[in-house]
Each structure stands twice: as C-alpha cells, then as structure tokens.
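Listed below are the residues making up each chain.
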Amino acid sequence: EPEVTQTPSHQVTQMGQEVILRCVPISNHLYFYWYRQILGQKVEFLVSFYNNEISEKSEIFDDQFSVERPDGSNFTLKIRSTKLEDSAMYFCASSPFSSGKANEQFFGPGTRLTVL
Amino acid sequence: KQEVTQIPAALSVPEGENLVLNCSFTDSAIYNLQWFRQDPGKGLTSLLLIQSSQREQTSGRLNASLDKSSGRSTLYIAASQPGDSATYLCAVGIQGAQKLVFGQGTRLTINP
C-alpha cells in the first residue's frame, strides 16, 4: 500500500542552523502539507501546497520557513535559522485531488527535530 | 477560530469492552472529519474519514458518527483489544481551506 515517507527520522541541530526536512508524498497525490507536534501538545497545521505554490499557511509559518517541491517527487520543509522552540515532531501529509470533495490526508511517520 | 476538544483525555478499560471516544468542534462549517490513531513516538494512521454530508462511517470494529449541527463526533470501538491501545486524534477539515484542525487526543489503554 502506498505511503508517505519522511527523512531523516531524527535530526539534531544547533540553534541558528538551517535544516531541511524531506518527504516523499504518495505518488498520485496533488495536495501536500506540513504539520508539527510539540511534545505533549496538539498537532498544528503549518502549510499546504498545491500546483507548485502555497495554498494556505498558519501564523507559525513565518519567514524562517519555506517549502519546495524540487523534483516532482520530494517535498521539503526548510527552517532557515532554527530556534529552541522549533523542537518538535514534523509530519508531512498528502491527499489526492477530487473536485468538490475534501479528501483524506495521509501522514508520514514524522521527523523528530531537536534544536540544542 | 475552529477549536476541537476531545473528552476524555485518557481512558483505561478492560479488554472486550465497547467504548466511545468523543470529539467536539466549535464551528459547524467543516468539509470533513478524520479520526487518526497515533502510537507513542509514531506518525498518524488514518482510521476513518466522514464527509460533512455523511452521518457515519464504519471500518471493521470502528464506527464514527458525525452531527455537524451540534458540533460533535463519536468514535465507537467494539470488543476492544490490547492492540487498540494508542492515542486517538480527531481532526476537522476547515471549509474553504486545505488544512486540518486537531484535538488534543484521547489516550486509550486496553488492559488484558
């Protein structure tokens, strides 16, 4: 069964460093998302991406964050200058497009980001 | 702003019991509602998706209902098993936006 994959599973970085989290969505899906979950807190939406552009972003997704689909299969989240409060589990998700109907989102296993 | 609340925060029951997990949301303008399972330190596994026009969905021992007008959904688990132990998350799809808003989850423990 197709699944969303994410690499790395765990990333440790120093405060102020740039990180890139990578995701391979399900191959025939057209909507892509990033969410994060700070330990002990709710899963929070960061950004959605469709047709090579951001379709929606949250107030968390400031200028330090960017997303890209560099090669038609990967979907990346970049954090330019990490802060301690960026430590969280980051989930990638994808969903198929179906006109007039909101679709099921499928989540990857997550990347645990630890900022020291 | 949509808020999603799940009650109870934690539940512990003996194996074999039928149980109900509750989810409430403040804004009835939703596209859909999804129930997920999350094992410790792991990703989210989609269990059921209910479109806003539907009243319920069933998958095996799981049945989810949706009452949009009252802002409620329930997840019914029949004949619970120790393998059902996990955190169950409810998430609503926002009308006019491509995103999910999550509840804080119910941590379920099934005791053998």
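The notes below deal with the structure included here. (Residues numbered from 1 in each chain as written. Chains lettered and ligands numbered in written order. Predicted model: local features only at pLDDT ≥ 70, side-chain atom pairs only at ≥ 80, totals over all residues. Heavy atoms only, no water.)

Structural notes on the overall build of chain A
Per the secondary structure count, chain A includes zero helices and 11 strands. Taken from N to C terminus, the helices and strands of chain A fall in the order β-β-β-β-β-β-β-β-β-β-β. Relative to the globule expectation of 13 Å for 116 residues, the C-alpha radius of gyration of chain A, 14 Å, shows essentially globular dimensions. For chain A, the C-alpha atoms occupy an extent of roughly 45 × 30 × 30 Å along the three principal directions. Taken across its 116 residues, chain A has 45% of its residues classed as buried. For chain A, the proportion of contacts with a sequence separation of at least 24, taken over those separated by at least 6, is 54%. When the accessible surface of chain A is summed, it comes to about 5900 Å², and 46% of that surface belongs to carbon and sulfur atoms. In chain A, the 10 positive side-chain charges and the 14 negative ones have mean positions that sit 1 Å from each other. (Helix = DSSP H or I, 4+ residues; strand = E, 2+ residues; numbered from the N terminus. Rg over C-alpha atoms; globule rule 2.2 N^0.38 Å. Buried < 20%, exposed > 50% of the residue type's maximum accessible area, 1.4 Å probe, protein only. Contact = heavy atoms within 4.5 Å. Areas by Shrake-Rupley, 256 points an atom, 1.4 Å probe, with all protein chains shown as cover. Lys, Arg positive; Asp, Glu negative; His and termini not counted. Charge placed at Lys NZ, Arg CZ, Asp CG, Glu CD.)

What about the pairing of strand β7 (residues 65-68) of chain A?
Residues and elements named next belong to chain A. By the bridge criterion, four bridges tie β7 to strand β8 (residues 75-79) in an arrangement that is antiparallel. Its bridge partner being in β8, phenylalanine 65 is matched across the sheet by isoleucine 79. What sits between the antiparallel neighbours β7 and β8 is a turn of six residues, in which glycine 72 has the positive phi angle 85 degrees. (Pairing = 2+ DSSP bridges.)

Some thoughts on the pattern of salt bridges
Think of it this way: side chains of opposite charge can pair up when their charged atoms draw near. Counting across every chain of the model gives four salt bridges over all chains. As a salt-bridge pair, lysine 99 of chain B and glutamate 56 of chain A come within 4.0 Å of each other at their nearest N and O atoms. Of this pair, lysine 99 of chain B sits in the loop between β9 (86-94) and β10 (100-102) while glutamate 56 of chain A sits in strand β6 (residues 53-57), each in a different chain. Judged by relative accessible area, which is 22%, glutamate 56 of chain A ranks as partly exposed. In this structure, aspartate 84 of chain B and arginine 61 of chain B form a salt bridge, with 2.9 Å as the shortest nitrogen-oxygen distance. Placement of the pair is aspartate 84 of chain B in the loop between β8 (72-77) and β9 and arginine 61 of chain B in the loop between β6 (56-59) and β7 (62-67), with a sequence separation of 23 residues. (Salt bridge = Lys/Arg side-chain N within 4 Å of Asp/Glu carboxyl O.)

Some points on the state of the cysteines
By the definition in use, this model includes two disulfides over all chains. At a sulfur-sulfur separation of 1.9 Å, the disulfide partner of cysteine 23 of chain A is cysteine 92 of chain A. Measuring handedness by torsion sign, the sulfur bridge of cysteine 23 of chain A and cysteine 92 of chain A sits at about -65 degrees and is left-handed. Of this pair, cysteine 23 of chain A sits in strand β3 (residues 19-24) while cysteine 92 of chain A sits in strand β9 (residues 88-95), placing them 69 residues apart in sequence. For the pair cysteine 23 of chain A and cysteine 92 of chain A, one class covers both residues: buried. One disulfide bridge connects cysteine 23 of chain B with cysteine 90 of chain B, the sulfur atoms lying 1.9 Å from each other. Judged by the sign of its S-S torsion, about -55 degrees, the cystine formed by cysteine 23 of chain B and cysteine 90 of chain B is left-handed. Highlighted residues: cysteine 23 of chain B in strand β3 (residues 19-25) and cysteine 90 of chain B in strand β9, separated in sequence by 67 residues. Comparing cysteine 23 of chain B with cysteine 90 of chain B shows no difference in burial state: the two are buried. (Disulfide = S-S within 2.5 Å.)

Regarding the sheet that holds strand β1 (residues 5-7) of chain A
Residue and element names in this part refer to chain A. The sheet built from four strands is open, its strands ordered β1-β3-β8-β7 with antiparallel pairing. A single partner strand is all that each edge strand has here, and the edge strands are β1 and β7. Put simply, the sheet's adjacent strands are angled 20 degrees from each other on average, direction ignored. (Axes fitted to C-alpha atoms, helices over the stretch in contact; angles between N-to-C directions.)

Brief notes about the packing of aromatic side chains
Remark: the centre distance and the inter-plane angle together describe each pair of aromatic rings, the angle taken between the planes. In total, this model carries 14 aromatic pairs over all chains according to the counting rule given. Taking the centre distance of 4.4 Å and the plane angle of 15 degrees together, the rings of tyrosine 31 of chain A and tyrosine 50 of chain A count as stacked. In this pair, tyrosine 31 of chain A sits in strand β4 (residues 31-37) while tyrosine 50 of chain A sits in strand β5 (residues 43-50), placing the two residues 19 residues apart along the sequence. Ring centres of phenylalanine 32 of chain A and phenylalanine 75 of chain A lie 5.5 Å apart, and the angle between their planes is 40 degrees; on these two criteria the pair is classed as tilted. Here phenylalanine 32 of chain A, found in strand β4, pairs with phenylalanine 75 of chain A, found in strand β8; they are 43 residues apart in sequence, far enough to count as distant. The pair formed by phenylalanine 32 of chain A and phenylalanine 75 of chain A is uniform in burial state, with each residue classed as buried. An aromatic cluster of three or more residues is present, and its members are Tyr31, Tyr33, Tyr35, Phe45, Tyr50, Phe91 and Phe107 of chain A together with Phe36 and Phe102 of chain B. (Phe/Tyr/Trp six-rings, centres within 6.5 Å; stacked < 30°, edge-to-face > 60°.)

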